[in-house]
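The lines below spell out each chain.
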Amino acid sequence: EVSTQEAVKSTEDFCQGSLQLLVHNAGLMHPSGRGENSVTRLDMESFSKVLATNVIGPALLTKALYPRLRAAAQEEPSKVVAVGAGV
């Protein structure tokens, strides 16, 4: 889960060299984990957490790792894949 700048930096530091494939596979519908899947039941704090996990985090991570993706693209095209289910 990379919904904070610190988590993104930690992941970026972990990755070495070029990167051919980046898969975004984390998703969150309700932070409580109670299966409350209606956006109408989310308060502002919970909704912010959902957006941070599902949208902002993957965007920040892609931005941070972009130079590594570009470096790999010189050999063959790099790919970014976002996996989602019912979100």
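Quick note: structure is the one above.
Let me sum up the structure you'll find in this document. Quick caveat: nothing in here was measured; it's all calculated off a predicted structure. (Residues numbered from 1 in each chain as written. Predicted model: local features only at pLDDT ≥ 70, side-chain atom pairs only at ≥ 80, totals over all residues. Heavy atoms only, no water.)

### Notes on the side chain of histidine 24
- Mapped onto the elements of the fold, histidine 24 is located in strand E1 (residues 21-24).
- At 2.8 Å, the side chain of histidine 24 forms a polar contact with the side chain of threonine 62.
- The residues contacting histidine 24, other than those within four sequence positions of it, are Pro58, Leu61, Thr62, Val80, Val81, Ala82 and Val83. (Helix = DSSP H or I, 4+ residues; strand = E, 2+ residues; numbered from the N terminus. Polar contact = N/O pair within 3.5 Å; in protein donor to acceptor, adjacent residues only side chain to side chain. Contact = heavy atoms within 4.5 Å.)

### Points about the pairing of E1
- Only one face of E1 is buried: it carries Leu22 and His24, and the other face, with Leu21 and Val23, is open.
- Note that E1 and strand E2 (residues 79-82) share 4 bridges and pair parallel. For leucine 22, the partnering residue across the bridge sits in E2 and is valine 80. (Buried < 20%, exposed > 50% of the residue type's maximum accessible area, 1.4 Å probe, protein only. Pairing = 2+ DSSP bridges.)

### Brief notes about the environment of serine 78
- Here serine 78 shows up in the loop between helix H2 (44-73) and E2.
- On the basis of relative accessible area, serine 78 is assigned to the partly exposed category, the value being 22%.
- Sequence-wise, serine 78 and leucine 19 are 59 residues apart; in three dimensions their C-alpha atoms are separated by 7.2 Å.
- Apart from the residues within four sequence positions on either side, serine 78 is in contact with Leu19, Gln20, Leu69, Ala72 and Ala73.
- Polar contacts involving the side chain of serine 78 include one to the main-chain carbonyl oxygen of leucine 19, which spans 3.3 Å.

### Points about the nonpolar core
- Of all hydrophobic cores here, the largest spans 10 residues; its members are Val2, Ala7, Val8, Cys15, Leu19, Leu22, Leu61, Ala64, Leu65 and Leu69.
- Elements that contribute at least two residues to this core include exactly helix H1 (5-14) and H2.
- Of all the elements, H2 adds the most residues to this core, at 4 residues.
- Once residues within four sequence positions are removed from consideration, leucine 19 is found in contact with Leu65, Arg68, Leu69, Ala72 and Ser78. (Core = buried A, V, L, I, M, F, W, Y, C linked by side-chain atoms within 4.5 Å.)

### Here's the deal with the pattern of salt bridges
- The final tally for this structure, using the stated rule, is 1 salt bridge.
- Among the salt bridges present, the one from lysine 9 reaches aspartate 13, with a minimum N-O distance of 3.0 Å. Linking lysine 9 with aspartate 13, this pair stays in helix H1, spanning 4 residues, or about one helical turn.
- For aspartate 13, a relative accessible area of 43% gives the class partly exposed. (Salt bridge = Lys/Arg side-chain N within 4 Å of Asp/Glu carboxyl O.)

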